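Given next are the chains, with one letter for each unit.
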Amino acid sequence: MIAKTFDPEGVVNAMAPLLGLTLTADSRAQTIVHLRIAAEQAEKLLSVPLDDQQEPAPVFTA
Amino acid sequence: MSAALVDGTAEAIAGAVRSGAVSAREIAQETLNRIEARNGALGAFTEVTVKRALAKADAIDTARVRGENLGPLAGAPFAVKNLFDVEGLTTRAGSKINRDHPPAKADATMITRLEAAGGVLVGALNMGEYAYDFTGRNVHDGPSRNPHDLEHMTGGSSGGSAAAVAGGLVPVALGSDTNGSIRVPSSFCGLFGLKPTYGRLSRAGTFPFVASLDHVGPLARSAGDLALSYDSMLGRDDRDPAQADEPAAAASPTLDVGIAGLRIARLGGYFARSADPSAISAVNTIARALKADRVVELTGADRARSAAYLITMVEGAALHLARLRERAQDFDPEVRDRLIAGAMVPGAWSAQAQKFRRQFHAATLALFRDVDILLAPATPCRAPRLEQTTFVLDGREMLVRPNIGLFTQPISFIGLPVVAAPVWTEGEKLPIGVQIIAAPWREDLALRVAWALERDGVVRAPAAGLS
């Protein structure tokens, strides 16, 4: 369960300096909101397993 | 006469210019006058190419005197979202940062094609910063405003494109659509909008957002103009590496073939939840007119939306990471913080999203063995008010900006061609759109259905009554 284990505050604290990003307090707060939404989306996406053999579509063609 | 023509279609303007009933210069001048008079209220244009438009119009009038072929869009004005390169203008892509770039040295391919067909470029249009937007707000240039009610959003990110067309300034505008940025403003402003198949139209000379999801296409006040402009932009362009080597036939000649025999179904499940009654009612109106009783499921649509959401965050962040480091304060804060979050999304999530994309694509193509056209809401509601930041969907309060594209995202995720068609309800000031979705490379079918609905008076896209 991503939503239970994912810690957006911890991610921002760790990742911002690694990425060379300096966040204001407002920006940090909103980034946390958006990471939480991303975790909700990932939860939906990853809740059903995909086959190991499933090819990704990094170069998508319709 | 030119005023009445400018209220109408590009097709009618071109016919009148070709016949000599009106000059291209008269049309261009009337258009420029309107932009001058109305743009302050609409926030549609960020740059107006006055000299270029008049020079092009004069060239068309001269060519007519010489008896030359003027093209299907002869003298028809058009404008482009300001992420399209226009020679001599800086491609701002809705941002402050890109204004430091040098002016474009050449036009985007789609501009070259429309002008080759006789179109007259009159300017560049407002948009959400870096196209990461569904509202039409822009912190640097001010919002584009919905011509049918100026206190409401145009939708985005092609907000200026929709404001210009619905406001009666131009009959056709170009936009881009990564997750819904043509279809959302078409829905909110009551226009026809075409998001072609991924890889169909060249994106060369446009500022990117999410390379694996970016499309370009037209917005117009008639399905015929949508087809005419689409036809004029078809053709191979090696400058866009994502463009597919698919044969492309013009759609305009097939519009009046009719829709008999087409298997049309509406999408249920995900596309019937999280929608305001107005969105459901609009789909019902179109489904009734098309006698489409069948309901089918696009299994996995919810996850498709989630996957598109994550791919957008990650690819968008990768594009802008250096700018986020160096010029964070110059971004629209609403865009910046989503991009920063995208830079922190685990790689495994986006890799899984791409794996799911392949699976969902295959499953959806299988659905098209039994159906030709799918119907779904374009937006979950009519245009929110400009200042609105949240709305309630399915009993849950959500942020407006990331969630307006609930119904468009699963469709563009796998590149399907879609025409957004506008439905009006008596007594309501604002319209709402329905997605007419076809299998890959069948833009012709979606356009044919939209054309038939317009002919029968089920959908329409009038210019707003502005003075």
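Higher on the page you've got the structure.
As the structure is a prediction and not an experimental result, all values here were calculated from the model.

1. With respect to the overall build of chain B
Assigned secondary structure in chain B consists of 15 helices and 13 strands. Over its C-alpha trace chain B gives a radius of gyration of 20 Å, about what one expects of a compact globule, namely 23 Å for 467 residues. Overall, chain B is about 60 × 55 × 45 Å in size when its C-alpha atoms are taken along their principal axes. A sequence separation of at least 24 residues applies to 78% of the contacts in chain B between residues at least 6 apart.

2. Here's the deal with the interface of chain B and chain A
Listed per partner, the contact involves 40 residues of chain B and 38 residues of chain A. The contact between chain B and chain A buries some 3500 Å² in all, and 67% of this surface belongs to carbon and sulfur atoms. On the chain B side of the interface with chain A, the three residues burying the most area are B:Met344, B:Trp349 and B:Lys355, jointly 22% of the side's total. Across the salt bridge formed by A:Lys44 and B:Asp302, the nearest N and O atoms sit 3.5 Å from each other. Linking chain B with chain A are eight residue pairs in polar contact (both at pLDDT 80 or more), by the criterion used here. Listing elements by their share of the side of chain B that touches chain A, those giving two or more residues are helix H10 (301–326), helix H11 (333–343), helix H12 (347–367) and strand S11 (396–399) of chain B. For the side of chain B that touches chain A, a count of residues per class yields 21 nonpolar, eight polar and 11 charged.

3. What about the packing of aromatic side chains?
All names here are of chain B. The final tally for this structure, using the stated rule, is 10 aromatic pairs over all chains. On the basis of an interplanar angle of 50° and a centroid distance of 4.9 Å, the ring pair of Tyr132 and Phe209 is categorised as tilted. Taken together, the positions of Tyr132 in the loop between strand S3 (120–125) and helix H6 (159–166) and Phe209 in the loop between strand S5 (192–195) and strand S6 (215–220) put the pair 77 residues apart, joining distant regions of the chain. Judged by relative accessible area, which is 5%, Phe209 ranks as buried. Linked through ring pairs, Tyr130, Phe207 and Phe331 together constitute an aromatic cluster.

4. Details of empty space enclosed by the protein
Residues and elements named next belong to chain B. Taken as a whole and judged by the stated rule, the model has three cavities of 30 Å³ or more. Approximately 110 Å³ is the volume found for the largest cavity. Lining the largest cavity are 14 residues; nearest its centre among them are Tyr132, Phe134, Asn179, Thr312 and Arg338. When residues of the lining of the largest cavity are traced back to their parent elements, those giving at least two are H10 and helix H13 (400–403). Residues belonging to the lining of the largest cavity are distributed by class as follows: six nonpolar, five polar and three charged. Its boundaries defined by the atoms lining it, the second largest cavity holds a volume of some 60 Å³. Together, Pro196, Thr197, Tyr198, Gly199, Arg200, Leu201, Arg203, Asp214, His215, Val216, Asp240 and Ala242 line the second largest cavity. Across the lining of the second largest cavity, the residue classes break down as five nonpolar, three polar and four charged.

5. Points about unusual backbone geometry
Glycine aside, a negative phi is what most residues show, and trans is what most peptide bonds show. All names here are of chain B. Residue Ser157 is reached from Gly156 by a cis peptide bond, and omega for that bond is 10°. Following the sequence through the fold, Ser157 ends up in the loop between S3 and H6. Residues other than glycine seldom take positive phi values, yet Ala131 does so here, at roughly 70°. As for its placement among the helices and strands, Ala131 is situated in the loop between S3 and H6. Of note, the phi angle at Trp441 is positive, near 75°, even though the residue is not glycine.

6. Quick word on the sheet that holds S3(B)
Each strand in a sheet pairs with its neighbour through backbone hydrogen bonds, running either in the same direction (parallel) or in the opposite one (antiparallel). Residues and elements named next belong to chain B. Pairing is mixed across the open sheet formed by 11 strands, whose spatial order is S1-S3-S2-S4-S6-S5-S12-S13-S9-S7-S8. Each of the sheet's edge strands pairs with one partner strand only, and the pair in question is strand S1 (45–48) and strand S8 (295–296). Two strands pair when backbone bridges link them, and strand S7 (residues 264–267) and strand S9 (residues 373–377) are joined in this way by three bridges, in the parallel orientation. Along S9, the bridge assignment pairs Ala265 with Leu374. Strands in contact with helix H3 (residues 24–42) are S1, strand S2 (77–81) and S3; relative to S1, the strand with the most contacts, it is inclined by about 140°. Contacting strand S4 (172–177), S5, S6 and strand S12 (418–423), helix H8 (residues 223–233) crosses the sheet at an angle of about 145° to S6.

7. What to know about the nonpolar core
One broad trend across soluble globular proteins is that nonpolar side chains are buried collectively. All names here are of chain B. Phe45, Leu375, Phe413 and Ile436 are the most contacted members of the largest nonpolar core, which totals 181 residues. Counting residues per element, this core draws most heavily on H10, which supplies 11 residues. Excluding residues that lie within four positions of it along the chain, Leu375 makes contacts with Ile264, Ala265, Arg266, Leu267, Val283, Ile286, Ala287, Leu290, Ala292, Gln435 and Ile436.

8. Describing the pairing of strand S13 (residues 432–438) of chain B
Residue and element names in this part refer to chain B. Burial of S13 is extensive: seven of the seven residues sit out of reach of the surface. In S13, alternate side chains face the same way, and those of Ile432, Val434, Ile436 and Ala438 on one face and Gly433, Gln435 and Ile437 on the other are all buried. In the sheet, S9 pairs with S13 via five bridges, with the strands oriented antiparallel. Residue pairing in the sheet places Pro377 in a bridge with Val434 of S13. Of the strand pairs in this sheet, S12 and S13 are connected by six bridges, and their pairing is antiparallel.

Scoring rules and cut-offs
Residues numbered from 1 in each chain as written. Chains lettered and ligands numbered in written order. Predicted model: local features only at pLDDT ≥ 70, side-chain atom pairs only at ≥ 80, totals over all residues. Heavy atoms only, no water. Helix = DSSP H or I, 4+ residues; strand = E, 2+ residues; numbered from the N terminus. Rg over C-alpha atoms; globule rule 2.2 N^0.38 Å. Contact = heavy atoms within 4.5 Å. Buried area = accessible area lost by both parts, 1.4 Å probe. Salt bridge = Lys/Arg side-chain N within 4 Å of Asp/Glu carboxyl O. Polar contact = N/O pair within 3.5 Å; in protein donor to acceptor, adjacent residues only side chain to side chain. Nonpolar A, V, L, I, M, F, W, Y, C, P; charged D, E, K, R; others polar. Phe/Tyr/Trp six-rings, centres within 6.5 Å; stacked < 30°, edge-to-face > 60°. Buried < 20%, exposed > 50% of the residue type's maximum accessible area, 1.4 Å probe, protein only. 1 Å grid on protein atoms, 1.4 Å probe; cavity = no way out; pocket = protein on both sides within 12 Å on 5 of 7 lines; lining within 4 Å. Points joined across faces, edges and corners; volume = space filled by probe spheres on them. Pairing = 2+ DSSP bridges. Axes fitted to C-alpha atoms, helices over the stretch in contact; angles between N-to-C directions. Core = buried A, V, L, I, M, F, W, Y, C linked by side-chain atoms within 4.5 Å.

Shape is all these values report; function is a separate question.
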